[in-house]
Structure formats: structure tokens, C-alpha cells
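# Structural characterization, general
One-letter residues, chain by chain:
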Amino acid sequence: MQLWRHSDSVRRGAQVGLGHAGAPMRHSSAAARHLAALPPAEVLYADLDGTLLGPGGSLLTGPDGGPSARAAQALVDARGAGITVVPVTGRRALALDGDTRLLGLRDYIAEVGTVILRAGRRRYEWGSCPADLRAAAATPRAALDSAGALDVLLAAFPGDLRPFLPWDADREGGHLLHGRVDVAVANAALSAQGLGWAYLVDNGAAGGWPGRRVRAYHLLPRGVGKAVAVADDLAERGLAAGQAAACGDSLEDLTMAGVVGTYFQVANGHGEPGGNAFGVPGAMGHGFADAVALLVAARGR
Ligand SMILES: [Mg+2]
């Protein structure tokens, strides 16, 4: 495999950009100018599904469904340039232990920012979880369970909400559910039981329930999220926001723009880039590769 030079990546971006009326290319050059005013990026926080990974959660599948090594090469390029890539995902921590090893990575932020693994040490973000519950529980999920938060929701929506198996099993930060509910009604039910510190958040369309059009939901303590976890992780690394970048595709991912120097939104992403958030030409893993190319080029100045 060859290591792409900056000029290659710019040409590649230009080729891709031509197919998009030139707009993504303008974003990329604006991102390059933005990066030129920042210190070198030390860390890149990257969402997994729809960002680093292609269709089917595959590292080696391009956004068109065909084979592609661009995202894998970008991981190699980042490592070679000294940029630490940290997955930031809604996936459960248990799975990340294996996934990160396969990707040649070490640290991760899992379960929507509730579980942080750094330098082999696991810790939790508890958000607004009351101190007494926190003191008595091993994990935020255990605190939610001991408070009865899941029971309240299942009772409020009988037959319309259930654990999203197998993906909910062995989670540590919260619960992953699926079904069809009114989130405002769910959160009012929690508040009515004195559990306003917990909340249900819509995670988008999901499957796994034959015959029904369902959505996935996270049950979490309020005050947690990808941005909070990234900010705390950066502080523990002794890094300033300007020394970090993030890349993603969802609105939750876009919140990371507020705590890093530069945010890259892949072409399949949702949300309006602006300020320090830039669209990149590529979708999914190709967009991740575009972000890495920009960061590596900026480090090489
Ligand atoms: Mg995503």
C-alpha cells in the first residue's frame, strides 16, 4: 500500500468534488485553511457506523458497497503521522474491546459517551445520576436499573417498547431499546416517578422487530453524551480543544464540534456544518479518509 501525499489527496478530493458541483472541495480547502491556524492534531475522535465503517459495519467496504481500502489506509496514515484515532460510538463497550484491537487502536468512547477506555483504564460518565445511586452502583446502567427507570418505561408502553437484543446485552452505560414511542411522553413518565435525571433519546430508525416499523432509543442519565465524554477525555490527556478533531455523521456527532478544534462531517452526514465544522467530499469511510488526509497534511506543514 502506498502512503498518499497531500497533493494526491487534494487531487483525489478535487476529482470527487467535481461530482458535487464543487461544494465539498470548497469545504475541504476551507478546512485546510482552518487547520493551518491550529496546532497539530494529536487526536481524532471518530464515530464508527456511517463514518469510519461502511455499509454493514465493514471497514473494507466503500459507501457504494464495493470493496475499498481507503478507510483502512487512513487508519495506517493517521498512525504513521502520530494522530491517535479514538472511536466514539453508540456501540456497547464490550464489543469495542475487540473492535479496537482489530483496527489497531487502543482507546475508545462507547455507549454514547457513558463509557471511556483510555490507557487500559475504564471509567464511566454518570451525568445527572444522583450521588447515592452512583455510590451504590457499579455502572450507570446498574444505577438506572436500581432506580427502576427501565421498568417505568416498559410499563408506560406495554407491547411498544423492549430491549433491543442482542445489542442491549451487557451494556454498562445505559439501555438500548427499540419500538415506537413518544419520547416526550416517556420522559414525562420518568419525571413523574422522580427519575427526571434519566431520559430516553431517539437514536433513529431501527429494525429487529418483524412486522413493525420501529426506532431505536437509548435510556441514559441526562448530561452524558459524546461531547461531554470527548471534553473529559481531552482534559485527561492534557490536550487543548485545538489539538483535537472529530469526525461523524449524526447530529449527536456534530455536538463534538463544540469541544474540539475541527469537526469533519462525512458526505452522508446530517446537520449543517459551519464555524469549525466542515463537510468532506467522501461518504462514510471515504469521508473519514478525507479528514485524515487533511489532518496529516496540516501536521506535515
Ligand atoms: Mg454514525
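Residues numbered from 1 in each chain as written. Predicted model: local features only at pLDDT ≥ 70, side-chain atom pairs only at ≥ 80, totals over all residues.

## Overview of the overall build of the chain
Helix and strand content of the chain: 11 helices and 12 strands. In terms of overall dimensions, the chain is globule-like: its C-alpha atoms have a radius of gyration of 20 Å, near the 19 Å expected for 301 residues. With the C-alpha coordinates of the chain rotated into their principal frame, the extents come out at 60 × 45 × 35 Å. Contacts in the chain between residues far apart in sequence, at least 24 positions, make up 59% of those at least 6 positions apart. (Helix = DSSP H or I, 4+ residues; strand = E, 2+ residues; numbered from the N terminus. Rg over C-alpha atoms; globule rule 2.2 N^0.38 Å. Contact = placed C-beta atoms within 7 Å.)

## Thoughts on the sheet that holds strand 8 (residues 198–206)
Here we have 4 strands laid out as an open sheet, ordered 6-7-9-8, and antiparallel in their pairing. In this open sheet, the two edge strands, each paired with only one partner strand, are strand 6 (161–163) and strand 8. Each adjacent strand pair in this sheet contributes to an overall mean axis angle of 30°, direction not counted. In this sheet, strand 9 (residues 214–221) lies alongside strand 7 (residues 175–179) in antiparallel orientation, the contact comprising 5 bridges. For L177, the partnering residue across the bridge sits in strand 9 and is Y217. Running at roughly 150° to strand 9, helix 7 (residues 149–156) makes contact with strand 6, strand 7, strand 8 and strand 9 of the sheet. (Pairing = 2+ DSSP bridges. Axes fitted to C-alpha atoms, helices over the stretch in contact; angles between N-to-C directions.)

## Some details on the packing of helix 3 (residues 70–81) against helix 11 (residues 284–299)
Where helix 3 contacts helix 11, the two axes come as close as 8 Å, and the packing angle between them is 25°. The angle between helix 3 and helix 11 places the two elements in the roughly parallel class. The handedness of the crossing between helix 3 and helix 11 comes out as left-handed. Two secondary-structure elements touch here, helix 3 through R70, A71, Q73, A74, D77, A78 and A81 and helix 11 through G285, H286, F288, A289, V292, V296 and R299. For the contact of helix 3 with helix 11, the residue count by class is 8 nonpolar, 3 polar and 3 charged. (Parallel < 35°, antiparallel > 145°, perpendicular 65-115°, else oblique. Left-handed = near helix turned anticlockwise from the far one by under 90°. Nonpolar A, V, L, I, M, F, W, Y, C, P; charged D, E, K, R; others polar.)

## Points about the environment of E252
The topology assignment puts E252 in helix 10 (residues 251–254). Taking C-alpha positions, E252 is 9.5 Å from G271, a pair spaced 19 residues apart along the chain. With near-sequence residues (within four places) excluded, E252 lies in contact with V112, G225 and K226.

## Brief notes about the confidence of the model for the chain
Summary statistics for the chain give a mean pLDDT of 91 and a share of 91% for residues scoring 70 or more. Below a pLDDT of 50 lies the segment residues 1–23, which in the model reaches 25 contacts outside its immediate sequence neighbourhood of four places, other chains included. (pLDDT = per-residue confidence, 0-100.)

## Some details on unusual backbone geometry
Here the bond from L165 into P166 is cis, since omega is 5°, no more than 30 degrees from zero. Following the sequence through the fold, P166 ends up in the loop between strand 6 and strand 7. We note that E111 has phi near 55°; this positive angle belongs to a residue other than glycine. One non-glycine residue, V112, lies in the positive phi region at around 55°. You can see V112 is positioned in the loop between strand 3 (108–110) and strand 4 (115–118). What makes V112 buried here is the crowd of 24 C-beta atoms within 10 Å. (Buried ≥ 20, exposed ≤ 12 C-beta atoms within 10 Å, placed from the backbone.)

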